[in-house]
Amino acid sequence: MTRTTHRILVTGACGQIGSELTPALRERYGDDNVVATDIRPPGAGHLRDQGPFEELNVCDRGVMDTLIESYNIDTVYHMAAILSATGEEKPTLAWDVNLRGLMNVLEIARERQLLRVFCPSSIAVFGPETPHDCAPQTTILQPTTMYGITKVTGELLGEYYVQRFGLDVRGVRYPGIISSETPPGGGTTDYAVDIFYQALQSKHYSCFVRPDTVLPMMYMPDCIKATLDLMDADFDFLRGHCNFNIAGMSFSAEQLVSEIQKHVPEFVCEYEPDFRQAIADSWPQTIDDASARAEWGWRPQFDLTSMTADMIEKLGPRLI
Ligand code: AKB
C-alpha cells in the first residue's frame, strides 16, 4: 500500500458521506492535513473542532483555487453533489453544481499538478435499458435523471483527464448509502435511512417506494473502506478509473422492514410511492463488481442483517 498523499481537501464535507469520510481521513493523515469544506458551515462537533474548515461553493473556481494554493493541497475528495430527487426538482442546479463543480476541481488539479482526485459516481448512471440484474460495469448508460446524466458525464470527464493529461482521477459508483451519523438529503435511496429514525422514534414510517422495490445499498463503513481502498490502489493496476461498480447488499423495502421488525416488533410501515418510484425503477436491482474485486481487492463486510443490527445499536441510544 502506498501512502503518498498528505494535504487533502474534501468538498461537501458536511454531507452524508463527507461527514464520516473527513474524520477517517484525519485519523489517517492528521487533523491539520485534511481541510473540510462545504457550502454551509458545520454544526457543533468534531468536523469543525478537529481540523480546518472553510466555506466553499464548488461552483466558485476562484475560491477553490485559493484554498488549494493556500493549504498546499495535493489531493481532493470531491464529495459535493446534488442527488437524484433534488436533481429532478432543480435540474439546472444539479447540472451546475455537479458538472461546473467537477470541471473546477479537474482544471485546478491539472493546472496545479495535484497528485490525486477522487470523484464519486453513482448507480444513477444506469437507466431502464441497463440489465436490471447484475448490471455490468461496462454496459448501456442511458440514465433518465439529470443526476444520472451529470454522473455519466463526470465519469467520462474524469477518464478524459486521465488519458489526455495524465491526471490521477478515481471514482466508484456508490449505491444507496445507509448511515447513522448524518442523514442523507435529496436522494432516492434516502428511505433506507429515514426508516430507521421513524422506526425507533414513532414506530411508523410512510415509505415513498413500493414494498417490492429492490435497490443496491451499502453500509457506511463499507463505503468509507471502498473510498480509501481505491485511493490506496496502485494506479498501474487500474484498467478503469472513475466508473467502478461496488456492490454491498441489495434488498427490497419490505425485506428491510422485516429486518427492522426483528428489533422493533411494533414497527409498522405503509407505502405511498411518489415521483421517486420512477427513479428507483430506472436503476438496476443488483450490480456486478468483479472489476473492483479483481483490480483493487474490494470486499464488502456488511449484509442486511449485520447492517440493521448495527444501525439500531448506534441510533437506539440517541433516539429512544
Ligand atoms: C441517490 O439516491 O440519489 C443517491 C445515489 C444512489 O447516488 N443515494
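Look up: the structure comes first, before these words.
Residues numbered from 1 in each chain as written. Predicted model: local features only at pLDDT ≥ 70, side-chain atom pairs only at ≥ 80, totals over all residues. Heavy atoms only, no water.

A. Spotlight on the sheet that holds strand E8 (residues 172-174). Across the sheet, three strands lie side by side as E6-E8-E12; this open sheet has parallel pairing. The open sheet is flanked by strand E6 (121-122) and strand E12 (244-245), the only strands paired with a single partner. As paired strands, E6 and E8 are joined by two bridges and run parallel to one another. Note that in E8 the partner of Ser-121 across the bridge is Arg-173. (Pairing = 2+ DSSP bridges. Helix = DSSP H or I, 4+ residues; strand = E, 2+ residues; numbered from the N terminus.)

B. How the structure looks around the site of the ligand. Lining the immediate surroundings of the ligand are Leu-83, Ser-84, Ser-122, Ile-123, Tyr-147, Gly-187, Thr-188, Thr-189 and Trp-283. At 2.5 Å, a side-chain N or O of Ser-84 approaches an oxygen atom of the ligand. Contact distances for the ligand include 2.7 Å between an oxygen atom and a side-chain N or O atom of Ser-122. Expressed as a share of its isolated accessible area of 250 Å², the protein-covered part of the ligand is 94%. Looking at side-chain class alone, the shell around the ligand contains four nonpolar, five polar and no charged residues. (Near = heavy atom within 4 Å. Polar contact = N/O pair within 3.5 Å; in protein donor to acceptor, adjacent residues only side chain to side chain. Areas by Shrake-Rupley, 256 points an atom, 1.4 Å probe, with all protein chains shown as cover. Nonpolar A, V, L, I, M, F, W, Y, C, P; charged D, E, K, R; others polar.)

C. Region of the structure containing the environment of Ser-306. Inspection of the secondary structure puts Ser-306 in helix H12 (residues 304-319). Along the chain, Ser-306 and Tyr-219 lie 87 residues apart, while their C-alpha atoms are 9.5 Å from each other. Of note is the side chain of Ser-306, whose polar atom sits 2.8 Å from the side chain of Asp-303.

D. How the structure looks around unusual backbone geometry. The residue Asn-72 is not glycine, and still its phi comes out positive at about 55°. Residues other than glycine seldom take positive phi values, yet Gln-113 does so here, at roughly 55°. Of note, Gln-113 is situated in the loop between helix H5 (91-112) and strand E5 (116-118). Its relative accessible area of 69% is what places Gln-113 among the exposed residues. (Buried < 20%, exposed > 50% of the residue type's maximum accessible area, 1.4 Å probe, protein only.)

E. Region of the structure containing the layout of surface pockets. Estimated volume of the second largest pocket: approximately 260 Å³. Counting residues per element, the ones that place at least two in the lining of the second largest pocket are helix H1 (18-29) and helix H2 (46-50). Considered class by class, the residues forming the lining of the second largest pocket number six nonpolar, five polar and three charged. (1 Å grid on protein atoms, 1.4 Å probe; cavity = no way out; pocket = protein on both sides within 12 Å on 5 of 7 lines; lining within 4 Å. Points joined across faces, edges and corners; volume = space filled by probe spheres on them.)

F. Region of the structure containing the pairing of strand E1 (residues 8-11). What you see with E1 is no split at all: Ile-8 and Val-10 on one side and Leu-9 and Thr-11 on the other are buried throughout. Regarding topology, H1 serves as the crossover connection from E1 to the parallel strand E2 (residues 34-38), and that connection is right-handed. Alignment of E1 against strand E4 (residues 75-78), held across four bridges, turns out to be parallel. Bridge assignment links Val-10 to a residue of E4, and that residue is Tyr-77. (Right-handed = clockwise from strand over helix to strand, strands pointing away.)

G. Main features of the packing of aromatic side chains. For the coordinates displayed, the defined rule picks out nine aromatic pairs. Look at Tyr-160 and Tyr-161: their rings are 6.0 Å apart centre to centre, the planes differ by 70°, and that puts the pair in the edge-to-face class. Residue Tyr-160 is classed as partly exposed on the basis of its relative accessible area of 40%. Judged by relative accessible area, Tyr-161 falls into the buried class, the value being 4%. Through pairs of rings, three or more aromatic residues link up here, namely Tyr-77, Phe-118 and Tyr-174. (Phe/Tyr/Trp six-rings, centres within 6.5 Å; stacked < 30°, edge-to-face > 60°.)

H. Quick peek at the pattern of salt bridges. Scanning the entire structure with this criterion turns up 18 salt bridges. Where Asp-96 meets Arg-100, a salt bridge forms, and the shortest distance between an N and an O atom there is 3.5 Å. With a gap of four residues between them, Asp-96 and Arg-100 both fall in helix H5, about one helical turn apart. Relative accessible area serves as the criterion here: at 30%, Asp-96 is assigned to the partly exposed category. (Salt bridge = Lys/Arg side-chain N within 4 Å of Asp/Glu carboxyl O.)

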